[in-house]
Structures are given as C-alpha cells and as structure tokens.
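# Geometric and topological summary
One letter stands for each residue in the lines below.
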Amino acid sequence: MTDRLYYHDSFLYDFDARVVEAFDSNGRSAIVLDRTAFYPTSGGQVHDLGMLTADGQQIAITEVADDEDGRILHFAASPVATGTQVHGSVDAVRRRDHVQQHTGQHVLSAAFIRLFNMPTVSFHMGQESCTIDLETAGLSFAQAQKAELLANEVIAEDRPVGIRFVPLEEARKLGLRKLPPKQTGDLRLIDITNFDLTACGGTHVRATGQIGSILLRKIEKVKQGVRVEFVCGLRAVNTARRDYTTLTEAAALYSSHIYDVPEQVRKSLAEAKAAGKTQHKLLEELAELYAERLLAQAAGSPQIITQFFPDRDALFIKLLAQKLTAGKSAVIALLASGAGQPTLVFAQTPGQKSNMGQFMKDAISQLGGRGGGSADMAQGGLPTGTADDEKLKSLLQETARKL
Ligand SMILES: [Zn+2]
C-alpha cells in the first residue's frame, strides 16, 4: 500500500520517498513509492504529471495509475532501482487546475440536488472542459442558470472544505450525497461546509473561493439523462476570453456590436435565401432563352443538340435539358458542364426509342465517372479534375454518332 499524501493535503507538491518496487510494464518503467503526492486517475479526475529526482537525475512522470493491490504506479521513461531515495515534484499548475475543476463539480452536483433533486451519475474531466451526467428527464436553460448561480454564490461565500475519515457505519447515518460502491475501512469524506457532504478520494480546494468560478456550457440529452458541460477557475476565464474573441471577430465582419451578431446572421441568412431564389429564377430564364436559340439552329427529326458549357454548372444544364425536351417536337439533348464537378446530362422528349440511361452509363464509364437515370433523362458526374474540356466534347460527339 502506498501512503497517499494527497489524501491530507491537496497543495503538497514536493515530497521525499523511497522506491519500494520498480519493474518494466510494456516498455515503460513502473515505479512504486512508499509514499506519494502524485494523484492517480480515478473518480473522473485525471492523474498528475511531474518529476522524480533520483541521484541528481530528473525523470519525467508521464502517467500515474492505481493498481488492484492499493499501490500507485508512477510511469516513467527511464528506470529507477528499488531502494533509491527520490524527490518528487508534482506539476502544480496542472494540479491546481484539476483541483478547481473537481471541487467545482462537487459544488455543481450539490446545487442540482438542492434545487431540482437531480443526482449526478457520472463525471468526466477533459482537456478543455468537464461534464456531469444528471439523472433527469430534462433540464431547462433557466434551471441550468439557477444551478450555475447557486454554485457561484457558494464559491463567493468561500466556505471551508474539510476532509474527514469516518467508518462506513457512521457515514451511512450522515446522509451523504454519494456513497462509493465498495468500501473497506474508513471512508474519506469531503465536507463543503453546510452545503455538500460526499465520499471522495480526489484532490480539493481548501475553501470554495479557490474554485474561482463556474461557467456552464453545452447542455445535451444523453441516454442516461442530461449531460452538462462546464469549466471552472482559470478555464472559465480562458473560455470566456475565447468566446469574446470569436464574437468580436464575427461582429467586426458585420460592423456591429457583439450582441447584435445573432440578428445580423439571421438577416444575412434571409438575404442569402432570397438571393438564391432570384438566382434560380434568372437561371431558368436564361435556360429558356438558350433552349429557344439552340432549337432554332438544330435541323432534322429528332433534333439533336450537342453542347458543352465550360463555365456553367450541373444545375444549369439540367434546367436547359428540361426546357429543350419539354416541347412537342422530338428532341435529344446531349449536354455537358465544366464548372464545379464536370457533369453530363442526356435527355429526350418522351416517347422516343433511345435509352438515355444506357447511353449515360456507356459514356460516363469511359471517364471513370458515375451516373444513370431513366430512358428520357440521365445525369452523370466525373471526379473534379479528371476530365478536360476536349475529352467532354468528344464524348458528346461520340454519343451523338451512336444515336
Ligand atoms: Zn472529490
């Protein structure tokens, strides 16, 4: 059993210890100390990082984990001999951040219980943000805001956070927010004065003021309830800073105040939609004019129209094919476009004997594209950059000869 120094002091970053075991674990060196301030990953809180100094040499600790025998394994890049005296230094910036996020979670979970009786069923601490999963059918934005406010009030009140070790039988009578599933010996209780009492093996602040602040982020439905994303302490400041920078950038694009950005975006979207409609109408008119001109130039029956449009896209030639084949006289249109993804459209006025779908399959397969359709209307696309203008033109000519 490793003596867990962090159980009694979350702000102890430096300590001396002795290596009691050292072995190879899948190419990494695993070190067991008689005592440690390094926190191993558990209960949703991630492990510490830091250094061990042995015989004047610094060894980076890259991961810390619990094993089943109550030992804490410190993983390092290089080995240390059993019996070596070492000095341990925990990365204080990382630890302080974890302590803020983790204690913030205690406060937030307690706030959701007190206000809405929504228990926390799981906690996850990520690189950027943390989440708790609440056991509830739903959580409104107003409820989330209330919980955020209560949590921040408890932070502002700077309530002392105590650590107690209590036998299980006694702990049962104390009405804890959460009891661990299996437990032998005394329970370690974390007591946020007159607000939250729970069993926990993690690292915590001395008083709630050290959490700094809690900022709720995304709220989403998950299988077991509702997931609430949040950030505490300096993470909350950094997140708010990033949000503001993003909003400022967006506001500058609109030359507006940041609070007017949603209204400006709504306006832009409405304008874009209207412009899209106008463009489609103009495109239809253009296709109509093109159709009239092409039909006037084409002789024979059926009239065969073969045309390549290097600067037009698939939508335009589709519209044109519809206009060309919508009349009473027999027309076969073999069209290609070069803008965007090179596209072919073959169409005929209904009731003729050719099969456009088949022609399309034959033509498009030569250039490695995909396509098909009905006997009267077929479309095919080629991967961008695979067909030049000349290839497309000659493909249309070749198909026309087969008619
Ligand atoms: Zn805790």
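Heads up: the structure comes first, above all this text.
Attention in this report is confined to the structure presented alongside it.

## Topic: the nonpolar core
F112, I214 and F230 are the most contacted members of the largest nonpolar core, which totals 54 residues. Once residues lying within four places of it in the same chain are set aside, the contact partners of I214 are G104, V107, L108, E148, A151, N152, I155, F230, V231 and C232.

## Some words on the sheet that holds strand 5 (residues 50-54)
With respect to topology, six strands assemble into a closed barrel ordered 2-3-7-6-5-8, the strand pairing being antiparallel. When the angles between neighbouring strand axes are averaged without regard to direction, this sheet yields 45°. With four bridges connecting them, strand 5 and strand 8 (residues 85-90) associate as antiparallel partners. Among the inter-strand pairings, G50 is bridged to a residue of strand 8, identified as V90.

## Side note on the coordination of the zinc ion
Reference values for angles at a metal are 109.5 degrees in the four-donor tetrahedral case and 90 or 180 degrees in the six-donor octahedral case. Around the zinc ion, the protein supplies H102 (NE2), H106 (NE2), C200 (SG) and H204 (NE2) as donor atoms, at distances of 1.9 to 2.1 Å. In this structure, the zinc ion is coordinated by four donor atoms arranged in tetrahedral fashion, with angles at the metal of 100 to 123°. For the zinc ion, the single-chain donor residues occur in sequence as H-x3-H-x93-C-x3-H. Of this pair, H106 sits in helix 1 (residues 92-116) while H204 sits in the loop between strand 13 (196-199) and strand 14 (214-222); the two residues are 98 residues apart in sequence, bridging distant segments of the chain.

## A closer look at the environment of L247
By the secondary structure assignment, L247 is in helix 4 (residues 233-254). Sequence-distant contacts of L247, that is, excluding residues within four places in its chain, are made with I258 and V261.

## Concerning the pairing of strand 19 (residues 370-373)
Bridge analysis of strand 19 against strand 20 (residues 377-381) gives four bridges, and the strand direction is antiparallel. Paired with G371 across the two strands is G380, which belongs to strand 20. Between strand 19 and strand 20, which follow one another and run antiparallel, lie three residues.

## Overview of the side chain of R95
Relative to the helices and strands, R95 resides in helix 1. Given the relative accessible area of 0%, R95 is considered buried. There is a polar contact of 2.5 Å between the side chain of R95 and the side chain of D48.

## Description of the packing of aromatic side chains
Tallied over the full model, the rule gives seven aromatic pairs. Measuring from centroid to centroid gives 5.3 Å for Y6 and Y7, while their planes differ by 75°, and the two rings are edge-to-face. Consider the rings of Y7 and F165, whose centres lie 6.1 Å apart with planes at 55°: the pair is tilted. Of this pair, Y7 sits in the loop between strand 1 (3-4) and strand 2 (14-25) while F165 sits in strand 11 (residues 161-167), and the two are 158 residues apart along the sequence. An aromatic cluster is built from Y6, Y7, Y39 and F165, whose rings are joined through pairwise contacts. Just above the ring of Y290 sits the side chain of R293; from NZ or CZ to the centre is 5.2 Å. A cation sits over an aromatic face here: R312 above F316, 4.9 Å from the ring centre.

## Things to note about the sheet that holds strand 18 (residues 343-348)
Taken in spatial order, the five strands make up an open sheet running 16-17-18-20-19, and their pairing is mixed. Looking along the sheet, the strands with just one partner apiece sit at the ends: strand 16 (303-309) and strand 19. Averaged over all pairs of adjacent strands, the angle between their axes in this sheet comes to 5°, without regard to strand direction. The pairing of strand 17 (residues 331-337) with strand 18 spans six bridges and is antiparallel. The residue bridging S337 from the neighbouring strand is T343, located in strand 18. Sheet strands in contact with helix 7 (residues 356-366) are strand 17, strand 18, strand 19 and strand 20, and its direction is about 155° off that of strand 18. Lying over the sheet, helix 8 (residues 389-402) contacts strand 16, strand 17 and strand 18, oriented at roughly 170° with respect to strand 16.

## With respect to the packing of helix 4 against helix 5 (residues 261-297)
Axis angle and axis distance: for two packed helices, these are the angle between their axes and the distance between the axes, and together they describe the pair. Contact geometry of helix 4 with helix 5 gives a least axis separation of 10 Å together with a crossing angle of 50°. As far as their axial angle goes, helix 5 and helix 4 are oblique. The hand of the helix 4/helix 5 crossing is left-handed. Side by side, helix 4 and helix 5 meet where L247, A250, A251 and Y254 of the first sit next to V261, Q264, V265 and S268 of the second.

## Section: the pairing of strand 15 (residues 225-232)
With seven of its eight residues buried, strand 15 lies for the most part within the structure. As paired elements, strand 10 (residues 130-134) and strand 15 share five bridges and run antiparallel to each other. In the strand pairing of strand 15, I132 is matched with V228. Judged from the seven bridges that link them, strand 14 and strand 15 form a sheet pairing that is antiparallel. Residue pairing across strands places V222 opposite G225, the latter belonging to strand 15. Connecting strand 14 to the antiparallel partner strand 15 that follows it, the hairpin turn spans two residues.

About the thresholds
- Per chain, residues are indexed from 1 in the order of the written sequence.
- Whole-chain, interface and lining totals are the exception, using all residues; otherwise, since this is a predicted model, local features are given only for residues with pLDDT of at least 70 and side-chain atom pairs are given and counted only at 80 or more.
- By convention in this description, side-chain values take in all heavy atoms of the structure and omit both hydrogens and water.
- Throughout this description, the term nonpolar core refers to a set of buried Ala, Val, Leu, Ile, Met, Phe, Trp, Tyr and Cys residues connected via side-chain atoms within 4.5 Å.
- Burial classification: accessible surface area is computed with a 1.4 Å probe over protein chains only, and a residue below 20% of its type maximum counts as buried, one above 50% as exposed, and the rest as partly exposed.
- Residue contacts follow a heavy-atom distance rule, with two residues in contact if any of their heavy atoms lie within 4.5 Å.
- Strand pairing is assigned whenever DSSP detects at least two bridges linking the two strands.
- Numbering goes from the N terminus for both helices and strands, where a helix is a DSSP run of H or I of at least four residues and a strand is a run of E of at least two.
- With axes taken as lines fitted to C-alpha atoms, and helix axes fitted only over the stretch in contact, angles between N-to-C directions fall between 0 and 180 degrees.
- Coordinating donors are taken to be N, O and S atoms lying within 2.8 Å of the metal, or within 3.2 Å when the metal is Na, K or Ca; because water is excluded from the atom set, some sites may appear incomplete.
- In this scheme the shape depends on donor count and angles: four donors with every angle between 85 and 135 degrees give tetrahedral, four or six donors with opposite pairs above 155 degrees and others between 65 and 115 give square planar or octahedral in turn, and any other case is irregular.
- Here a polar contact means two N or O atoms within 3.5 Å. Within protein one must be a hydrogen donor candidate and the other an acceptor candidate, and residues neighboring in sequence count only if both atoms are side-chain atoms.
- Planes of paired rings set the category: under 30 degrees apart is stacked, over 60 is edge-to-face and the rest tilted, where pairs are Phe, Tyr or Trp rings (Trp by its six-membered ring) whose centres lie within 6.5 Å.
- For a lysine, the NZ atom is tested; for an arginine, the CZ atom; a charge sits over a ring if that atom is within 6 Å of the ring centre and within 35 degrees of the ring normal.
- Roughly parallel refers to an angle under 35 degrees, roughly antiparallel to one over 145, roughly perpendicular to one between 65 and 115, and oblique to any angle outside these ranges.
- Take the far helix as the reference: if the near one is turned anticlockwise from it by less than a right angle, the crossing is left-handed, and if turned clockwise, right-handed.

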